[in-house]
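The chain contents come next:
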Amino acid sequence: MPKTPELQREQSLVARARRDPDAFRELYHHYFPRIYAYISYRVGRVQDVEDLTAETFLKAVEALPRFRWQGQGSFAAWLFRIAHNAVASFYRAGDRPLEPIRPEALPDLRATDTLPADALARKELLAQLRHLIGALTQRQQEIVTLRFFGGLRNQEIARLLKLDERTVAAHLCRGIRTLQALYREQAIRQEVAEPTHSEVSHD
Amino acid sequence: MTKPVFLTGEDQKLLQRIERTIVGDPSMVASGNDRDDICVLLASAMPSATPAFRDQLEARLLREIERHPKRSPLLSKPGNVVHKIDASVRRGLMPRWRRGIALAAVVLALVALTLTWIGPRRVWAHLQQWLGYVPGIGFVELDESRVLTAPVALQRGDVTLHIEQLLARPDGTTVVISSEGLPPEDAVWPHGARVDEEFAPRLHLPDGRTLQTETFTLSWGAGTLVFPALPDDVYSVTLSLPGLPLVPPEVAPEGWEIPLLLRSATGELADVLFPQPYAVTEASDTHQGVTLRVVAVAQSAEETAVRLQLQWSNPDWESHFIHSSDMPALRDDLGHVYYEAADPGSGSTSQTVVVSVQPEDETSPTPALPVPALEETLVFAPVSPSARRLTLAMGGFRFDVPAEAEFTVDLGDTPRGGDTWPLELDLTVDGLPVHVFVASARLVEEQIGSFDDAQKRLILQFDIAPAGHGEDIALCGLWLESAETGFRSGSTGGYDPQSGQVRAGLDVADETRIPTGVINVRVSGATLCLNDLWAVTWEVPGTATASGMDVVPVTQAIERVNQTRNGLTLQVEEVVLTDRLTGVKVALNPSIEGEALATDHRWGGLSIVAQALTLTDDRGRNYVPSRAVAWRPYQALQPDSATLTFGPLEPLARRLTLHVPAVTVVEPAAASFAVLVPDGLTLALDPTGPPWRVSEPWPVEIDVNVAEYRLRFSEARLEDLNGTTLLALTSEPYQESHSWRRLSGVRIAMVTTPSGREVSLETAHSAAGPETEGSTNHRLWLAFDVKDPQTLAVEPGPYQVILDGASIIVQGPWDLSWALSAP
């Protein structure tokens, strides 16, 4: 079957991006939010997130001439592997803050109707979710953040982490299940510790 | 604990994406508040960068690309990469009060710079944003006005009626029309035109009311029609003309009905223009027993959601989500091609549920088994409210299927990394035997990661090339298991669609204790790739028009708008205006023998070297390239790669200017040479580069003359990355003789192997540019795939290479300015 323009689109963008800023710009706008969100959950502090996001894209620009298209998802896997390695280097280099990160130092969350209007409250929500994800195994943390915040498909994660696609799916299911349990447990603890508004008014 | 929450569109999509991942595990799909809580939390908490950081990093990266089109010294200093970022990107290093002062100073400097550099004319144009001037109408308050979403045309026979503009103000509604394709007025009215007293244009409102003209000014086939004011909430009307102005019935068709959509002159498209979410029936396409069906659609000014169902007849096939290797595209009948929404928060991977569909034949006395199916929602860029017909195109679906095979590999007593064993393999996939003509196992040390933080692991890797690799259906994955101790579960492999080669693997648990002797390996399953194209078409409800009365976007031919720079003349040929994009077709004119615009770029072969390609209007508004919507000519099958697409024109723009910093042209050239690949080359991990395996470079002396360049390739090596083996040639340094043009690569016409096989050029690349930042020494680099798809080996000997063109970047800039057709 001849390739359609849609099929060739990202491949063409990647090939052109080496010398065509417009093509690179399109790729950048597509992947920047995903890389940023992924690194945010892996690292936390906004200044580190910005440094690692910048490092990821600068390395990508540098290595782009050597990238080889390997079918759909290969570019995403390649780019996220750079981000993944940047995060790994960050921790290995001992840059990880020892003390808990204050919510003010976290990135902001995209404002939505669901979230508190107050930016600090949104950051506390991010801290809560980071805390929950941090309780997963390293492998589950990687896969859950790549899947949900990096927006990668299972196949792309498998390619990135050199795992079987089914193994990725299994980690993902177990990770979500653990998150559910942790979240339920945390919610129960909160309810015990802080009576709801209606209970207070009855008193 | 569970509180009622109201999800925004983006939250809902992410939530659906999350739900999708838990399909396949019924316990996870169970309803309940727990699931809702964690999903809502995940869906809500998407970190977001500041626009300042995003934009500054983008500018920094674009500068890097511009400076280092091929190679940058950054790689040699990975530890310093972060420090190369502009200080302004890194926030929070300056005390707040000092940042405030600095910010105020920057604002003042920007204002001064704007006034002196841009000039008062552009500033005045910005001030005019809220006050428009329409020739023949005068100044209008944009805040209080509605205008056409885009000019439209209606063709009947040889005559085309254009609705140039509709301006709805508090004191009246003005419609400007014109026609083309009419005979000369003098031929019909030699003694002067006469107005038909019965000429009574009308505007029909959605609630059934009709407005009659208060006044009109007519000319041959054209006119300005003035109606009473429209009610505030009206955004769609139908213009009814008994005939074209001053045109007798025998000259042009009578009875014109043109649906028109309006928008606020300063705002977005109104939601009322879009249909309510609707169900779609009988919209499907079937290939190879797999049916793609569109079941529901929701359109809005922000996005278009398409609910689709994939259903297949073979109950042994499995799929947990709709995996399409083709990028899905949505096409309308006007000429737009919409791609998935770019924001990952609104990505296409929405809710997927496994459903069972009862076969349609319910009259059968024997109840049939339910047919397996999946449902999923894709999210695309917003569709034009004028679209009447939509087509979803997808392809490349994958299914897990049963597969059976068992084989043994004798690893011997002392297996080591790099050892290879041939395999005998009889494979049964989906009940059918698959002949495998070459298969091998090898123990490879694989590097995970790249640069300075790579990790290694040992894998028993299997390369399998099934014979009869088909175009429409292909084996594209194998799942391996081994009961032997010392191996972990199957590692992922890969699939090369060009050669059909499948790679799978088993991880060695402890590389210091590699299993020895004969091991048993079992194939537990396989993946099939179906490579047809599925196209599903449906009608948008409420958009039906009278037969032959389909309006289309206006395409305006542009004449005598050109500019010559450095020997190249660029001309604007055509402009198309819709409510979703502005398309500008640009070409070299006159075409120069021996030169042609490169056409391998989505935006018309224009390559931007120094700065962005921009489109601006006479009011100083800038239109960015359209990322998620492409244009194809009316009724054409494929997008028009020669048409640059930008965002839709803002109301009342009168003149457009296209700024083209540079173009890439391909100059024909004829050159050929042979490059000798020595026998006995081995590949090893490159310690200085990305995680790929390369051979030792070997010297070559190959002189090549292309265009005006005399080049010499002096080094060659093999480069292997995930199954592709490239022969890469690097030239000696050369210098450019002109400051306004430079070589950016060569075009490979054909490569033949020592045994005469023509190699696939799908992965062939070429690039040229400065070897280091700021250097005047340039190098040319050329690479093509030399791996034999049948033997999976690289044949030694002379490879014949034929080049047929040189890609040249020519600096401009070209500034092409033209007036839009005036009402």
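Just so it is clear, the model here is predicted, and its values are computed rather than measured. (Residues numbered from 1 in each chain as written. Chains lettered and ligands numbered in written order. Predicted model: local features only at pLDDT ≥ 70, side-chain atom pairs only at ≥ 80, totals over all residues.)

## Quick look at the overall build of chain B
So the rule is basically this: Under the scheme used here, helices are H or I runs from DSSP no shorter than 4 residues and strands are E runs no shorter than 2 residues, and both carry numbers assigned from the N terminus. Exposed residues have 12 or fewer other C-beta atoms within 10 Å of their own C-beta, buried residues have 20 or more, and residues in between are partly exposed; the C-beta atoms are placed from the backbone.
Of regular secondary structure, chain B possesses seven helices and 50 strands. The buried share of chain B, taken over its 823 residues, is 39%.

## Comments concerning the overall build of chain A
We count it as follows: Residues are defined as contacting one another if the C-beta atoms placed from their backbone atoms lie within 7 Å.
In terms of helices and strands, chain A carries nine helices and one strand. Of the regular secondary structure in chain A, the N- to C-terminal order runs α-α-α-α-β-α-α-α-α-α. Within chain A, the proportion of its 203 residues that are buried is 57%. Counting only contacts in chain A whose residues sit at least 6 apart along the sequence, the fraction spanning at least 24 positions is 60%.

## Focus on the nonpolar core
The condition is simple: By our criterion, buried Ala, Val, Leu, Ile, Met, Phe, Trp, Tyr and Cys residues that link up through C-beta atoms within 7 Å make up a nonpolar core.
With 163 residues, the main nonpolar core has V306, Y338, L392, L478, A526 and L727 of chain B as its most contacted residues. Setting aside anything within four residues of it in sequence, one finds L478 of chain B in contact with A403, I464, V502, A504, V523 and A526 of chain B. Core analysis: the next-biggest nonpolar cluster, separate from the first, contains 65 residues, F75, W78 and L136 of chain A together with L61 of chain B among them.

## Some words on helix α2 (residues 21-43) of chain A
Residues and elements named next belong to chain A. Convention followed: At any given residue, the bend is defined as the angle formed between two axes, one fitted to the seven residues that end at that position and one fitted to the seven that begin there.
The largest bend in α2 is about 40 degrees, located at Y31, with the proline P33 one to four residues further on. Taken across its 23 residues, α2 has 21 buried, putting it largely inside the fold. In the segment just after α2, G44 is the residue with positive phi, at about 105 degrees.

## Here we look at the confidence of the model for chain A
Residues and elements named next belong to chain A. Under the convention used in this document: pLDDT measures how confident the predictor is about each residue, on a scale from 0 to 100.
Averaged over all residues, the pLDDT of chain A is 74; the fraction at 70 or higher stands at 76%. Taken element by element, the predicted model of chain A shows its lowest mean pLDDT in helix α9 (residues 197-202) (37) and its highest in helix α3 (residues 46-63) (87). Confidence drops under a pLDDT of 50 for residues 1-7, and excluding neighbours within four residues, the segment shows 15 contacts in the predicted structure. With pLDDT under 50 throughout, residues 195-203 is counted as low confidence; its partners more than four residues away or in other chains account for two contacts.

## Description of unusual backbone geometry
Residues and elements named next belong to chain B. Even without being a glycine, E282 presents a positive backbone phi close to 55 degrees. With respect to the helices and strands, the residue E282 is situated in the loop between β14 (278-279) and β15 (284-287). Judged by C-beta crowding, with 7 C-beta atoms within 10 Å, E282 ranks as exposed. Even without being glycine, Q288 reaches a positive phi, approximately 55 degrees. Looking at the secondary structure, you find Q288 in the loop between β15 and β16 (290-299).

## Brief notes about the pairing of strand β11 (residues 222-227) of chain B
Residues and elements named next belong to chain B. Inclusion rule: Any two strands between which DSSP finds at least two bridges are classified as paired.
For β11, a buried count of five out of six residues is recorded, marking the element as mostly surrounded by other parts of the structure. Examined bridge by bridge, strand β7 (residues 172-180) and β11 share five bridges and lie antiparallel to one another. Its bridge partner lying in β11, V176 is registered against T224. The hairpin formed by strand β10 (residues 215-219) and β11 contains two residues between the paired strands, and G221 there has a positive phi angle of roughly 75 degrees.

## Observations concerning the confidence of the model for chain B
All names here are of chain B. The predicted model of chain B averages 75 in pLDDT, with 70% of residues at 70 or higher. With pLDDT under 50 throughout, residues 1-36 is counted as low confidence; its partners more than four residues away or in other chains account for 78 contacts. Under a pLDDT of 50 for its full length, residues 69-99 has, in the predicted model, 46 contacts with residues more than four places off or in other chains. Quick note on the complex model: pTM equals 0.63, ipTM equals 0.83.

## Describing the packing of α2 of chain A against α3 of chain A
Residues and elements named next belong to chain A. Rules: Angular values range over 0 to 180 degrees, each being the angle between N-to-C directions of two axes fitted as lines to C-alpha atoms, with helices fitted over their stretch in contact. Oblique is the label for any angle not covered by the other classes, which are roughly parallel (under 35 degrees), roughly antiparallel (over 145) and roughly perpendicular (65 to 115). For any pair of crossing helices, the crossing counts as left-handed if the nearer helix is rotated counterclockwise from the farther one by less than a right angle, and right-handed if it is rotated clockwise. Amino acids are sorted into nonpolar (Ala, Val, Leu, Ile, Met, Phe, Trp, Tyr, Cys and Pro), charged (Asp, Glu, Lys and Arg) and polar (every other residue, Gly among them).
Where α2 meets α3, the closest approach of the two axes is 9 Å, and the angle between their N-to-C directions is 135 degrees. For the element pair α2 / α3, the angle class is oblique. Like other packed secondary-structure pairs, α2 and α3 cross with a definite hand, here right-handed. Of the residues in α3, those in contact with I35, Y36, I39, S40 and V43 of α2 are D48, V49, L52, T53 and T56. For the contact of α2 with α3, the per-class residue count stands at six nonpolar, three polar and one charged.

## Some thoughts on the environment of A150 of chain B
Residues and elements named next belong to chain B. Structurally, A150 is set in the loop between β4 (146-148) and β5 (152-156). The sequence separation of A150 and E650 amounts to 500 residues, and the corresponding C-alpha distance is 9.2 Å. In contact with A150, not counting residues within four places along its chain, are P553, L577, T578, D579 and P648.

## Here's the deal with helix α5 (residues 119-134) of chain A
Rule in force here: Expected span of a helix, by definition, is 1.5 Å for each gap between consecutive residues, and there is one gap fewer than residues.
The end-to-end C-alpha separation of α5 of chain A is 22 Å, in line with the 22 Å expected for 16 residues at 1.5 Å each. Inspection of α5 of chain A places R122, K123, L126, L129, R130, L132 and I133 of chain A among the buried residues, and these make up the whole buried set.

## Examining the environment of P385 of chain B
With respect to the helices and strands, P385 of chain B occurs in the loop between β21 (371-380) and β22 (389-401). Classification of P385 of chain B by C-beta neighbours within 10 Å gives buried; the count is 24.

## Some details on the environment of R621 of chain B
Residue and element names in this part refer to chain B. With respect to the helices and strands, R621 occurs in the loop between β37 (614-617) and β38 (622-623). By the C-beta count within 10 Å, which is 15 here, R621 ends up partly exposed. Ignoring any residue separated from it by four or fewer positions in sequence, one finds R621 in contact with T616 and E650.

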